[in-house]
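Examination of the molecular architecture
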Amino acid sequence: MAKEGLWGFGCLMRRKRVDSAGTRCGGQQLAKRLSAVDLVAIGVGSTIGAGVYILVGTVARQQTGPGLVISFLIGGIAAALSAFCYAELACRCPSAGSAYHYTYICVGEGVAWLIGWALILEYTLGSAAVARGVSPNLVLFFGGADKLPTIVARHTIYGVVVDPCAAILVCVVALLLCLGIKESSMVQTIVTTVNVAVMVFIVIAGLYVGFMTGWVGYELPNGYFPFGVNGVFAGSATLFYSYVGFDSVTSTAEEVKNPQRDLPIGIGIALSLCCILYMLVSAVIVGLVPYYALDPDTPISSAFAHYGMEWAAYVITIGALTALCSGLIGGILPQPRILMAMARDGLLPSFFSDINKHTKVPVKSTVVTGIAAAALAFLLDIDQLAGMVSVGTLLAFTTVAVSILILRYVPPEEVPFPSSLQDSIHFESISCSSSIHGTEGEKNKDSVGSCKHLLDNEGSLVGHPLIEKAAHAEHNELRRRKIASWGIASVCIGALLLASAASAKDLPGIPRFILCGVGGVFLSCGLIGLTSIDQDDAWHNFGHPGGFTCPLVPLLPVCCILINTYLLINLGSGTWMRASIWLVAGALIYLFYGRSHSSLLGTI
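Our subject in this report is the structure included herewith. If you're wondering where the values come from, they're calculated on a predicted model, not measured in any experiment. (Residues numbered from 1 in each chain as written. Predicted model: local features only at pLDDT ≥ 70, side-chain atom pairs only at ≥ 80, totals over all residues. Heavy atoms only, no water.)

Topic: the overall build of the chain
Counted only if it meets this: Helix numbers and strand numbers start at the N terminus; a helix is a DSSP run of H or I with at least 4 residues, a strand a run of E with at least 2. Contacts were defined at the residue level, with two residues in contact if any of their heavy atoms lie within 4.5 Å. Areas reported as accessible are Shrake-Rupley estimates using a 1.4 Å probe. Residue values count occlusion only from the protein chains shown.
Helix and strand content of the chain: 23 helices and two strands. Sequence separation of 24 or more characterises 84% of the internal contacts of the chain that already satisfy a separation of 6 or more. By element, 68% of the accessible surface of the chain is carried by carbon and sulfur atoms, the whole surface being about 26300 Å².

Digging into the packing of aromatic side chains
Which entries qualify depends on this criterion: Pairing of aromatic rings covers Phe, Tyr and the six-membered ring of Trp, with a centre-to-centre limit of 6.5 Å; geometry is then stacked below 30 degrees between planes, edge-to-face above 60, and tilted otherwise. The classification of residues rests on relative accessible area computed with a 1.4 Å probe and restricted to protein chains. Under 20% of the type maximum is buried, over 50% is exposed, and intermediate values are partly exposed. Lysine NZ or arginine CZ positioned within 6 Å of the ring centre and within 35 degrees of the ring normal marks a charge as sitting over the ring.
Evaluated as defined, the whole model comprises 23 aromatic pairs. Ring centres 6.1 Å apart and planes at 80° place the aromatic pair Phe-141 and Tyr-314 in the edge-to-face group. Taken as a pair, Phe-141 in helix 7 (residues 134-142) and Tyr-314 in helix 14 (residues 312-332) lie far apart in primary sequence, 173 residues in all. Residue classification places Tyr-314 among the partly exposed positions, given a relative accessible area of 46%. Here the aromatic residues Tyr-86, Tyr-102, Phe-240, Tyr-241, Phe-246 and Phe-397 are joined through ring pairs into a cluster of three or more. When the ring centre of Trp-539 is taken as origin, the NZ or CZ atom of Arg-408, which lies over that ring, is 3.9 Å away.

Notes on the pattern of salt bridges
The condition that has to hold: Here a salt bridge means any side-chain nitrogen of Lys or Arg lying within 4 Å of a carboxyl oxygen belonging to Asp or Glu.
Scanning the model with the defined rule gives 14 salt bridges in all. Residue Asp-163 pairs with Arg-154 through a salt bridge whose shortest N-O separation is 2.9 Å. The closest approach of N and O atoms between Asp-354 and Lys-364, which form a salt bridge, is 2.7 Å. Taken together, the residues span a long stretch of sequence, with Asp-354 in the loop between helix 15 (334-344) and helix 16 (363-379) and Lys-364 in helix 16 at a distance of ten residues. Since its relative accessible area comes to 29%, Asp-354 is described here as partly exposed. Using a relative accessible area of 37% as the deciding quantity, one classes Lys-364 as partly exposed. Each member of the salt-bridge network shares a partner with another, and the members are Glu-477, Arg-480, Arg-481 and Asp-536.

Describing a nonpolar patch on the surface
As a reminder, the rule being used: Patches in this entry comprise residues that are over 30% relatively accessible and not in a salt bridge; like charges within 9 Å are linked, as are nonpolar side chains (Val, Leu, Ile, Met, Phe, Trp, Tyr) within 5 Å.
Taken together, the side chains of Ile-493, Ile-510, Phe-513, Ile-514, Val-518 and Phe-522 make up a nonpolar region of the molecular surface, amounting to roughly 600 Å² of accessible area. Considering every element that reaches the nonpolar patch, the biggest residue donor is helix 21 (residues 509-532), with five residues. One can find Ile-510 in helix 21.

Some words on the state of the cysteines
This is how it is decided: Any two cysteine sulfur atoms within 2.5 Å of one another count as a disulfide.
Using the criterion set out here, one finds zero disulfides in the structure. Sulfur of Cys-93: no disulfide; nearest cysteine sulfur belongs to Cys-106 and is 5.9 Å away.

Some remarks on the side chain of Arg-132
For the record, the criterion: For the purpose of charge, His is not counted, nor are the chain termini; Lys and Arg are scored as positive and Asp and Glu as negative. Two N or O atoms form a polar contact when they lie within 3.5 Å of each other; inside protein one atom must be a possible hydrogen donor and the other a possible acceptor, and for residues adjacent in sequence the pair counts only when both atoms belong to side chains.
The residue Arg-132 is located in helix 6 (residues 109-132) in this model. Despite its burial, Arg-132 pairs with no opposite charge; the closest candidate is Asp-163, at 4.2 Å N-O. Among the polar contacts made by the side chain of Arg-132, one reaches the main-chain carbonyl oxygen of Ala-377 at a distance of 2.9 Å. Here Phe-378 takes part through its backbone oxygen, which lies 3.5 Å from a polar atom of the side chain of Arg-132. Beyond its immediate chain neighbours, meaning those up to four positions away, Arg-132 contacts Arg-154, Val-161, Val-162, Asp-163, Ala-166, Ala-377, Phe-378, Leu-379, Leu-380 and Asp-381.

Quick look at the packing of helix 8 (residues 164-179) against helix 16
Spelled out, the test is: Only the contacting stretch of a helix is used when fitting its axis, a line to C-alpha atoms as for every element, and angles between N-to-C directions run 0 to 180 degrees. Put simply, angles under 35 degrees are roughly parallel, angles over 145 are roughly antiparallel, angles from 65 to 115 are roughly perpendicular, and the rest are oblique. In the scheme used here, Gly and all other residues not listed as nonpolar or charged are polar, with Ala, Val, Leu, Ile, Met, Phe, Trp, Tyr, Cys and Pro taken as nonpolar and Asp, Glu, Lys and Arg as charged.
Packing of helix 8 against helix 16 brings their axes to within 8 Å, and their N-to-C directions diverge by 170°. Comparing their axes, helix 16 and helix 8 come out roughly antiparallel. Residues Pro-164, Ala-166, Ala-167, Val-170, Cys-171, Ala-174, Leu-177 and Cys-178 of helix 8 form the contact with helix 16, whose own contacting residues are Val-363, Thr-366, Val-367, Gly-370, Ala-373, Ala-374, Ala-377 and Phe-378. Each residue belonging to the contact of helix 8 with helix 16 can be placed in one class, and the counts come to 14 nonpolar, two polar and no charged.

Details of helix 17 (residues 387-409)
This is how the line gets drawn: In this scheme, a helix's expected span is set at 1.5 Å multiplied by one less than its residue total.
Here helix 17 is 23 residues long and its end C-alpha atoms lie 34 Å apart, about the 33 Å a rise of 1.5 Å per residue gives. Buried residues dominate helix 17, accounting for 21 of its 23 residues.

Digging into the environment of Val-289
As for its placement among the helices and strands, Val-289 is situated in the loop between helix 12 (259-288) and helix 13 (299-305). Expressed as a C-alpha distance, the spacing of Val-289 and Gly-210, which sit 79 residues apart in the sequence, is 9.4 Å. Here Val-289 is in contact with Gly-217, Leu-294, Ala-303 and His-306, once residues within four sequence places are set aside.

Observations regarding the packing of helix 2 (residues 36-47) against helix 12
Note the cut-off: By the definition used in this description, the sense in which the near helix is turned from the far one sets the handedness, with an anticlockwise turn below a right angle giving left-handed and a clockwise turn giving right-handed.
Contact pair helix 2 / helix 12: the axes reach a minimum separation of 8 Å and the direction vectors enclose 40°. In this view, helix 2 runs oblique relative to helix 12, as classed from their interaxial angle. Every pair of crossing elements has a handedness; the one defined by helix 2 and helix 12 is right-handed. Of helix 12, the residues touching helix 2 (which contributes Ala-36, Leu-39, Val-40, Gly-43, Val-44 and Thr-47) are Asp-262, Leu-263, Ile-265, Gly-266, Ile-269, Ala-270, Leu-273, Cys-274 and Tyr-278.

Here you go:
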């Protein structure tokens, strides 16, 4: 058994192989039933939530004005950076677990555990938050809270506002997911189609009204960017969260029929479709009504009501409800697979890794997920906890980008020399060894003499051109890997310092400038160092080759790390304090359970 490093914490760096989960589970795998169309439905349904029906008003009024369209485009580009990284890793490591799985392979067990633990928090709170949003929309649809059936109406019990409708909806979705991935994806497709149809209706009806009335929202004395360029970028940071959800596609990688082809298609089309719909809807709404006159709570409905189209509010409410339902399916779907992946690796009890023989889905994990999310949705008004959802998402996005850099420059499966050179060395070694250890008398002595110049005093091969070439290649490879490792570390440190300097508005000018300069130096040195060296040839054959490859490495992952680090820091101290409690609890569970039950126990 290998030693686990100083104080026994070398386990934090141990990494698993790409297909180790399936091997350890004795062939117990999820059913491969998803196509590219299913993935697009899952991606769009998970991404387009009811937030778009609200965010367009708030962001336009406070940050962007008519420049809302540009903010959605920038937010989509920022999300695409992470999507490129996810797409490559999903193709090369097509197993359940998403960012947790990729981090375990590329970074190490300790970071992977924290990512998985943070994703559990994200999906549980996110699902509960989405479910709590159904009741207010039902109130709008039925024309008042008093018209809702008692069983689904909110009630106040001992000062706690309970929401039975949210809890019931979560249980229904969990039951649906237990029936099978194909059945749940079919429902997701239907609900998502209705949601997209409503958004198309908003665009078409808005275009008609806009051309009839002359687009009064764009006739502003203070121009298209009333809050300046800074406002547009600030708005894009807020709208970035409208694109969160495409990562749900990668959690189903093990259930995809052709992951190398379908996963990139599903992620790419889903994200592109969401970006196009967001931009079209925002362009129409800010054109119908001046941005300062938009209702921050119901911007789309109020924009049509401004022209006497109150009936459109019912159509828009249907869109919001279907968006919530599809978002709830997409929110609950990944968590059982995260739990299953962590249990496969021994970091959680094996209870969570069981796959139902008939439905081929992790039913036990799905039931636990449903119960937890239903309880939160029923009991808690989680508005203050909603920010914690973004912690898991952004941490996952950041580590996935780091994993791409590791995969390209210091891949986990090391191949120190080209295979042709290894074969030559192996042949020479065998030739000389057979000559030395042969049993043919004087012939062996002659052979020994012919190969004697290759041996040192201890019988090791030296002096041969191939051996010298191998030694030189090994030296260069070690040097390259060392530069790459320092380069990746420098990028991470620089991104953290730069993001901190950009966010520290209360910091005096000179210290902030110095911090920004130091961060810029670290980031630039890391990027230059990675650009100046070759990528490791081993990444071409890493995992399951032949799928999508992330372009513009190292620039694209470095930009992704910088953007996500900035957004992480800007979540606020209150959010981080609450999230830290969850992360510390997770660290303790890993310390006292996961570390000693890991299937990689005894390896580094």
